[in-house]
Amino acid sequence: MNSILPEQYEIEKQFNSRVDNFLSRHEIGKILRRSNFQKEKGFSCLELFKFIFLLVFNGKNLYRTLQSEAEPGRPEKDAIYRFLNSFRYNWRKFLLILSSSVINETIEPLTSRNWKNVLVLDDSLYSRNRSKAVELLARVKDHVENKYVRGFRMLTLGWSDGNTFLPVAFSLLSSE
């Protein structure tokens, strides 16, 4: 069992290096600043973003990670929740700038000029059928099952070249 741990550590270290490369290549720090992400003290927005980004790709749960013993150099629960819930940060602008950067710098050079690029508008159901006291929860029509359920509409605008789909903008919708 001890021989597996150093191997996993090495894989995680390589992955962290790739994430660092992605963050610097697409200048995520500058995009965060352009999208009004600013902090006065403590961990920078880029460090908090990277921490949350790595949790997703390492398959870790935010709640469980925060409940485990504090590691030196890891942000505290309050800093992460303030980062995620701040009304000053423009997440939509961040997503738009990041996706345009990825499209222009990474995907476009790999595709032929003959390919058609399209914008796709997707209106998917975000079901919360077991919920009762969720803010703005509504009864929405599930067109697949042909019945009404509690939930929201997830309206997504995405860019596609036929092989790749990248979200560009999103909105969680509710009815009256």
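Our subject is the structure that appears above.
Computed from a predicted structure; not experimentally measured.

Participant: Please set out the overall build of the protein residue by residue, giving values where relevant.
Facilitator: Counting its secondary structure elements, the protein contains 6 helices and 4 strands. Scanning the protein from its N terminus toward the C terminus, one meets helices and strands in the order α-α-α-α-α-α-β-β-β-β. For the protein, long-range pairs separated by at least 24 residues make up 56% of all intrachain contacts whose partners lie at least 6 apart in sequence. Carbon together with sulfur atoms contributes 52% to the accessible area of the protein, which is approximately 13200 Å² in total.

Participant: Can you tell me about the packing of aromatic side chains, naming the residues and giving the values?
Facilitator: Within this structure, the stated rule accounts for 13 aromatic pairs. Note on Phe49 and Phe94: the rings are 5.3 Å apart at their centroids and 70° apart in plane angle, and the pair reads as edge-to-face. You can see Phe49 sitting in helix 3 (residues 45-57) and its partner Phe94 sitting in helix 6 (residues 91-107), a full 45 residues away along the chain. By relative accessible area, Phe94 is classed as buried at 5%. Summarising the aromatic geometry, the rings of Phe83 and Tyr89 are spaced 5.6 Å apart at their centres and angled 55° between planes, so their arrangement reads as tilted. The two residues Phe83 and Tyr89 agree in class, both being buried. Connected via pairs of aromatic rings, a cluster forms that spans Phe15, Phe22, Phe37, Phe49, Phe53, Phe57, Phe83, Tyr89, Trp91 and Phe94. Lying over the aromatic face of Phe170, Arg92 brings its terminal NZ or CZ to 5.7 Å of the ring centre.

Participant: Can you explain helix 5 (residues 77-85)? Please cite residues and give values.
Facilitator: Buried within helix 5 are the following residues: Ala79, Ile80 and Phe83. Seen end-on, helix 5 carries its buried residues on one side only, within an arc spanning 95°. Turned more than 90 degrees from where helix 5 packs its buried face, Arg82 and Asn85 sit exposed. Summarising the contacts, the buried residues of helix 5 are in contact with helix 3, helix 4 (62-67) and helix 6.

Procedures and definitions
- Residues numbered from 1 in each chain as written.
- Predicted model: local features only at pLDDT ≥ 70, side-chain atom pairs only at ≥ 80, totals over all residues.
- Heavy atoms only, no water.
- Helix = DSSP H or I, 4+ residues; strand = E, 2+ residues; numbered from the N terminus.
- Contact = heavy atoms within 4.5 Å.
- Areas by Shrake-Rupley, 256 points an atom, 1.4 Å probe, with all protein chains shown as cover.
- Phe/Tyr/Trp six-rings, centres within 6.5 Å; stacked < 30°, edge-to-face > 60°.
- Buried < 20%, exposed > 50% of the residue type's maximum accessible area, 1.4 Å probe, protein only.
- Lys NZ or Arg CZ within 6 Å of the ring centre and 35° of its normal.
- Arc of directions from axis to C-beta.

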